[in-house]
Each structure stands twice: as structure tokens, then as C-alpha cells.
Amino acid sequence: MKLTVQVKLLPTPVQAAALEETLHACNEAATWVSQVAFEKDTKRNFPLREHTYTAVKERWGLGAQAAQHVIKKTCDAYRTLKANLKAGNLGRPSSKRYRRAVEKPIAFRREGAQPYDDRMLSWQYTERTVSIWTLSGRMKQVGFTAAPEHLARLALCRKGESDLLFRDGMWFLIATCEVPEAELNASVTQFLGSIWGS
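Note that the structure is predicted; figures quoted are calculated from it, not measured.

## Re the nonpolar core
- Membership of the largest hydrophobic core comes to 52 residues, with the highest contact counts inside it found for Leu 9, Leu 62, Trp 123, Ile 132, Leu 164 and Leu 173.
- When residues in this core are grouped by element, the largest group, eleven residues, is from helix α1 (residues 13-40).
- Each residue touching Leu 62, except ones within four places of it in the same chain, is listed here: Ala 25, Cys 26, Ala 29, Val 56, Lys 57, Ala 67, Val 70, Trp 133 and Leu 135.

If you want it as C-alpha cells, here you go:
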């Protein structure tokens, strides 16, 4: 099963400035991609990439992987919006809340989470550092900390993307972990409660 582990980054002031610049650029680019998606009514990854990929790389200086993640993040946001509309979570189509959600493009907060894959982020578990891509280049030896059980799970089970985010004045990585599921106990001999009809 998939679980997430939150680790707190411990960047130096120079590293923190590079992370901030990168996160702001990614979210500014995602807001622009969202406007293109809204105007062209193109909210699927590959078609939207044709309209935005080159501009995102050139205008914001993002690397190839970061640009692709910005576009995918935008598509995921529209997919989530569509699911919420379908489920009625934003009211009826005639409600103000529903109309507000569909009448303008999705915008991303400057500190919104940005996904990173293994080509953009590498973990050094024993040193408790990460090497992470930024607009200023690869930032190495960014320290991190977490609860002991989270550090163990991270080292044993981390697989897939991690999200960089800034919250309450602190930097975090939310890492995806693939944790093996425990086998079901098939040898149950006692039950709690009553059996119907007895």
C-alpha cells in the first residue's frame, strides 16, 4: 500500500533562497499553463504539453523534468476539479460556488507543492541529506530530519515522487512509500458479538 512520509528540510539560507525561487517559478508557470488549458479547453497532459512545454522551459528557466511536472500538476488539478463537480462537492451548476470554480482558470499558490521525481531529487539516507534540482542548479547536501519511524520507513520503502512544499516558514518533502501489506490472519477461532438468528 502507498503511504506518505513527511520530512523536514534543514536548508542553509542560500539553499532556502534557491528552493523559494524554484517553487515560486514552478507555481507561476503552472498558473500560466492553467490559463492556456482553460482558454484552449485542453486539460490532458500530452495535448497540453504541445501548447506549453517549450514556453515553460524558456520563460521560467525550468528543466525538462520540472516543466513536465508543472504541466502534469495542472492537468491533475483540473481532473480533481472535474471529479468534485461531478460528485456535487461544489453545489449545483447554478450555485455561486460551482460557477466560480468553472468560469475561470485554476490558479496555484506561490508556495503550492511541487512534485519531484528521482531524476530531480536523490536521497542520501545515512547522511540525512538530499540533492535537489533548483533554478540555481543542483543543490547538494540539503539536510533533513523526521521521526525515527519515518526515517526507517523512508529508507526501506520510498518509491516514486516526492512533493516539495513550504508551510509555516518551514520546508518539507512529502515522500511516497510503497509499504508491503501484512497478510490476513486466516486462522481466527473466536469472534466478538453475536451471530444473526441465535
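There is more to say, and it comes next.
## Regarding the packing of helix α2 (residues 45-60) against helix α3 (residues 64-86)
- Two numbers describe how α2 lies on α3: the axes approach to 9 Å, and their chain directions differ by 135°. As far as their axial angle goes, α3 and α2 are oblique. Helix-helix and strand crossings are classified by hand; for α2 and α3 the assignment is right-handed. Together, Asn 45, Leu 48, Arg 49, Thr 52, Tyr 53, Val 56 and Lys 57 of α2 and Ala 64, Ala 67, Gln 68, Ile 71, Lys 72 and Cys 75 of α3 make up the contact between the two elements.
- Tallied by class, residues from the contact of α2 with α3 come to seven nonpolar, three polar and three charged.

Parameters and conventions
- All residue numbers here refer to positions counted from 1 along the written sequence of the relevant chain.
- Only residues with pLDDT of at least 70 are given local features in this predicted model, and only at 80 or more are side-chain atom pairs given and counted; all residues enter the totals for whole chains, interfaces and linings.
- Excluded from the side-chain calculations are hydrogens and water; all other atoms, namely the structure's heavy atoms, are used.
- The term nonpolar core refers to a set of buried residues drawn from Ala, Val, Leu, Ile, Met, Phe, Trp, Tyr and Cys, joined through side-chain atoms within 4.5 Å.
- Only protein chains enter the accessibility calculation, which uses a 1.4 Å probe. A residue is then buried if its area is under 20% of the maximum for its type, exposed if over 50%, and partly exposed in between.
- We count a stretch as a helix when DSSP gives it H or I for four or more residues in a row; a strand needs E for two or more, and each element gets its number in order from the N terminus.
- Whether two residues are in contact is decided by their heavy atoms, any of which lying within 4.5 Å being enough.
- Inter-axis angles, ranging from 0 to 180 degrees, are taken between N-to-C directions of lines fitted to C-alpha atoms, where helices are fitted over the stretch in contact.
- Orientation is classified from the angle alone, with under 35 degrees giving roughly parallel, over 145 giving roughly antiparallel, 65 to 115 giving roughly perpendicular, and any other angle giving oblique.
- Crossings are classed by handedness, with left-handed meaning an anticlockwise turn of the near helix from the far one by less than a right angle and right-handed meaning a clockwise turn.
- In the scheme used here, Gly and all other residues not listed as nonpolar or charged are polar, with Ala, Val, Leu, Ile, Met, Phe, Trp, Tyr, Cys and Pro taken as nonpolar and Asp, Glu, Lys and Arg as charged.

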